[in-house]
Amino acid sequence: ILKDDSFALKLQDAVSALSSLEEKEIRGKLLEIAGEFLKAKAAGYYSYQGGRFYLSAQMNAPDGIQTRIGKDSPLYEAITDSQAVLTVKNKLKPEDSALMIGKIPGASNTVIGFIAIFEMDFLDINYTNEQLFSILCGWAGVSIEKAKVFEAKQKESRLFEKTGFFNFKYFLESLNRE
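Everything in this summary refers to the structure shown in the same document. (Residues numbered from 1 in each chain as written. Predicted model: local features only at pLDDT ≥ 70, side-chain atom pairs only at ≥ 80, totals over all residues. Heavy atoms only, no water.)

Attention now moves to the pattern of salt bridges. Counted by the stated rule, this structure contains two salt bridges. Put simply, Glu 32 and Lys 29 hold a salt bridge, and the shortest N to O gap is 3.6 Å. Of the two residues, Glu 32 and Lys 29 are both situated in helix H2 (residues 23–37); the distance of three residues between them amounts to about one turn of the helix. The class of Glu 32 is partly exposed, set by a relative accessible area of 48%. (Salt bridge = Lys/Arg side-chain N within 4 Å of Asp/Glu carboxyl O. Helix = DSSP H or I, 4+ residues; strand = E, 2+ residues; numbered from the N terminus. Buried < 20%, exposed > 50% of the residue type's maximum accessible area, 1.4 Å probe, protein only.)

The antiparallel open sheet is built from six strands, whose spatial order is E3-E2-E1-E6-E5-E4. Of all strands in the sheet, those bounded by a partner on one side alone are strand E3 (68–69) and strand E4 (86–87). Along the sheet, H2 makes contact with strand E1 (42–49), strand E2 (52–59) and strand E6 (111–119), crossing E2 at roughly 60°. Together, E1, E2, E3, E4, strand E5 (100–105) and E6 form the strand contacts of helix H3 (residues 74–81), whose direction differs from that of E5 by roughly 55°. (Pairing = 2+ DSSP bridges. Contact = heavy atoms within 4.5 Å. Axes fitted to C-alpha atoms, helices over the stretch in contact; angles between N-to-C directions.)

Let us now look at the side chain of Asn 129. Mapped onto the secondary structure, Asn 129 falls in helix H4 (residues 127–157). For Asn 129, a relative accessible area of 10% corresponds to the buried category. Residues in contact with Asn 129, not counting those within four places in the same chain, are Phe 37, Leu 38, Met 100, Met 120 and Asp 124.

Spelled out as structure tokens, the structure:
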């Protein structure tokens, strides 16, 4: 897929930058990467929470797109059951508003969310970009899982284990911010 070494190195640099970001920042950065490497003109990141997908980041998203996708939607089932990138060439319908959708895998075969590309040149919907999109979504899953673990550990380090109260170090840090 990545025959051009300079392209592969640029993509690797872009994705490795994800590892130093918090979860919220990763979502926006993923859309930037989709724009740069997949030539997406409009895209959205949907987070999975409480049995639904919610639009949690967007890049030039068109008006009228779905901001929530619940279990009653055929698109929900297509995304959760999919093992590959969905495109207008295989499973997506015009009412889905997306040209390509890539599922973000989490730990233990869970779904963290998905990236939807709403606008791109039709010629860019090809096998190579589908594979590249699939790789990007896999990397995204790893980055987001790492960010969640880091954020949880960071929160734990602020509290006394036995009492659940903030520790003195965190108290001083809070005072310095004020």
